[in-house]
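One letter stands for each residue in the lines below.
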Amino acid sequence: MATNSARSARRNASAAGEDAAARWDGLPLSREQFAAQVWEAGRAHYRELPWRHIDDPYAVLVSEVMLQQTQVARVLNYWPRFLETFPTLDALAAAANADVLELWQGLGYNRRALLLKRAAEVCAADRAGQLPRTYDELRALPGIGPATAAGVCNFAYQTPAPYLETNVRSVFLHLLFPDAEGVHDKELEALVADCAAVEDPRDWNYALLDFGAYLKAELPNPSRRSASYARQSTFVGSRRQKRAALVRCVLGHPEGIRPEQAWKKVNSELAAVGVEPADEALQASITQDLLTEGFFRDAEGMLIP
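What comes next is a walk through the structure. (Residues numbered from 1 in each chain as written. Predicted model: local features only at pLDDT ≥ 70, side-chain atom pairs only at ≥ 80, totals over all residues. Heavy atoms only, no water.)

**What to know about the nonpolar core**
Then step 1. Phe34, Met66, Phe82, Phe172, Leu176 and Leu246 are the most contacted members of the largest nonpolar core, which has 88 residues in total.
Then step 2. Discounting residues that sit within four places of it in the chain, Phe82 has contacts with Tyr58, Val62, Met66, Leu92, Val100, Leu103, Trp104 and Leu116. (Core = buried A, V, L, I, M, F, W, Y, C linked by side-chain atoms within 4.5 Å. Buried < 20%, exposed > 50% of the residue type's maximum accessible area, 1.4 Å probe, protein only. Contact = heavy atoms within 4.5 Å.)

Printed below as a string of structure tokens:
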């Protein structure tokens, strides 16, 4: 005779199944039809990339962080060099910020490099130099967002986790919301989660990524129909450009440089490419932000990388 707890578990599982089925009501494809199209397109447009089919969670983590808003072609050059220089979490944790930032130059979003190093420091100090194995523990590390944590779970550990990033979003919008505008991620997250529990989470998500990359190359980007889509702001003349120029300047002076000297060099560099120099208020604001974020330190009025 079934126990009350067993009957309750069956009822809960049945209700969950009914809820999942209801999410697909009214969509152009059933869950099974959607999965079949993704697998077929994924096989047709598969990309062989060096960070695929590896079991090193640290190497996968580095690839996931680098690939955020960065072209695959660029990461192909940076990923192997980074791992050659910092082959383990312990090696990255022990590295100087300046060395990490110098190797990151050209990828953009330098703050991600520092957050990756801080995650490595936590793992070196608290986890014997190993990454956590669960999604929630990965999320607790500095700078590790939902997609990055899910990527490590799916690709390194082959444990299912809902993985929603721009290429994946494009596939769901293209196949399930072909005429909709302003689709919220909340609508997609439940569908992504319904599809996540597969026997081969690694290859399933490769298929989504490769199909999405193909769609974005061949069609108007489906992700533009997402409510969360935001066109990247212009880099030239932006605060980001001035931040990046100051970081490069300080990294080029390992002995240190005074802020006024650094900004003189930065403004000269900007003027040479037709960009308006930063005024004193902006200089002070950017300098303080970069000091606070740990890009360099102030030693008796000198900026030290």
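**What about the packing of aromatic side chains?**
Then step 1. Overall, the coordinates contain nine aromatic pairs when judged by the stated rule.
Then step 2. Looking at Arg81, its charged tip hangs above the ring of Tyr78, at a distance of 4.9 Å from the centre. (Phe/Tyr/Trp six-rings, centres within 6.5 Å; stacked < 30°, edge-to-face > 60°. Lys NZ or Arg CZ within 6 Å of the ring centre and 35° of its normal.)

**Section: the state of the cysteines**
Then step 1. One pass over the structure, following the stated rule, counts zero disulfides.
Then step 2. Distance from the sulfur of Cys123, which forms no disulfide, to the nearest cysteine sulfur (Cys153) is 13 Å.
Then step 3. Judged by relative accessible area, Cys123 falls into the buried class, the value being 0%. (Disulfide = S-S within 2.5 Å.)

**Considerations on the side chain of Thr70**
Then step 1. Within the secondary structure layout, Thr70 lies in the loop between α3 (57-66) and α4 (72-85).
Then step 2. In this view, Thr70 contacts Val75 and Leu107; residues no more than four positions away in its chain are not counted. (Helix = DSSP H or I, 4+ residues; strand = E, 2+ residues; numbered from the N terminus.)

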